[in-house]
Amino acid sequence: TLHSLGRHPPADPAAVVAAAAGYLSERHDLPGLFRTPGDLARRLREAGADAATVAECEAFVRKADAARFAPSPEVTGEALIADAERLIRRQEGEA
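Residues numbered from 1 in each chain as written. Predicted model: local features only at pLDDT ≥ 70, side-chain atom pairs only at ≥ 80, totals over all residues. Heavy atoms only, no water.

Observations concerning the overall build of the protein
- Each helix and strand in the protein was counted, giving five helices and zero strands.
- The order of α-helices and β-strands along the protein, N terminus first, is α-α-α-α-α.
- Its C-alpha radius of gyration of 13 Å places the protein within 12% of the 12 Å reference for a compact globule of 95 residues.
- Taken over 95 residues, the protein has a buried fraction of 43%.
- Contacts in the protein between residues at least 24 apart in sequence constitute 52% of all its contacts with a sequence separation of at least 6. (Helix = DSSP H or I, 4+ residues; strand = E, 2+ residues; numbered from the N terminus. Rg over C-alpha atoms; globule rule 2.2 N^0.38 Å. Buried < 20%, exposed > 50% of the residue type's maximum accessible area, 1.4 Å probe, protein only. Contact = heavy atoms within 4.5 Å.)

Below you can see the structure in the form of structure tokens.
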């Protein structure tokens, strides 16, 4: 999904977040959808994720929220795709 979004710029930050959220939910077997960075962090801790993973995922969602909702976002959808890909690679032990 991330690769597809990157092939059709400008990438929609909401779509990038949805793709990353889906991955994180499946990877960590999180129940339901999380709505906020804090909600994600809580669910990750409950699922047994280590502190570094929780912090990294929460920071990604905060940055993504800023790209989605800030009047003049500093982060583009394309930059979010790169961040999401790095996050996923680290989660998979590839980085």
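Picking up after the structure, the text goes on.
Side note on the layout of surface pockets
- What the largest pocket holds in volume is close to 230 Å³.
- Lining of the largest pocket is provided by Ala14, Val17, Ala18, Ala21, Gly22, Leu33, Phe34, Arg35, Thr36, Val61, Asp65 and Arg68.
- For the lining of the largest pocket, the secondary-structure elements that each account for two or more residues are α2 (13–27) and α4 (51–69).
- When residues in the lining of the largest pocket are grouped by element, the largest group, five residues, is from α2.
- For the lining of the largest pocket, the residue count by class is seven nonpolar, two polar and three charged. (1 Å grid on protein atoms, 1.4 Å probe; cavity = no way out; pocket = protein on both sides within 12 Å on 5 of 7 lines; lining within 4 Å. Points joined across faces, edges and corners; volume = space filled by probe spheres on them. Nonpolar A, V, L, I, M, F, W, Y, C, P; charged D, E, K, R; others polar.)

Things to note about helix α3 (residues 37–46)
- Of all the positions in α3, only Pro37, Asp39, Leu40, Ala41, Arg43 and Leu44 are classed as buried.
- On its buried face, α3 is in contact with α2 and α4.
- Immediately beyond the C-terminal end of α3, within one or two residues, lies Gly48, with a positive phi of roughly 95°.

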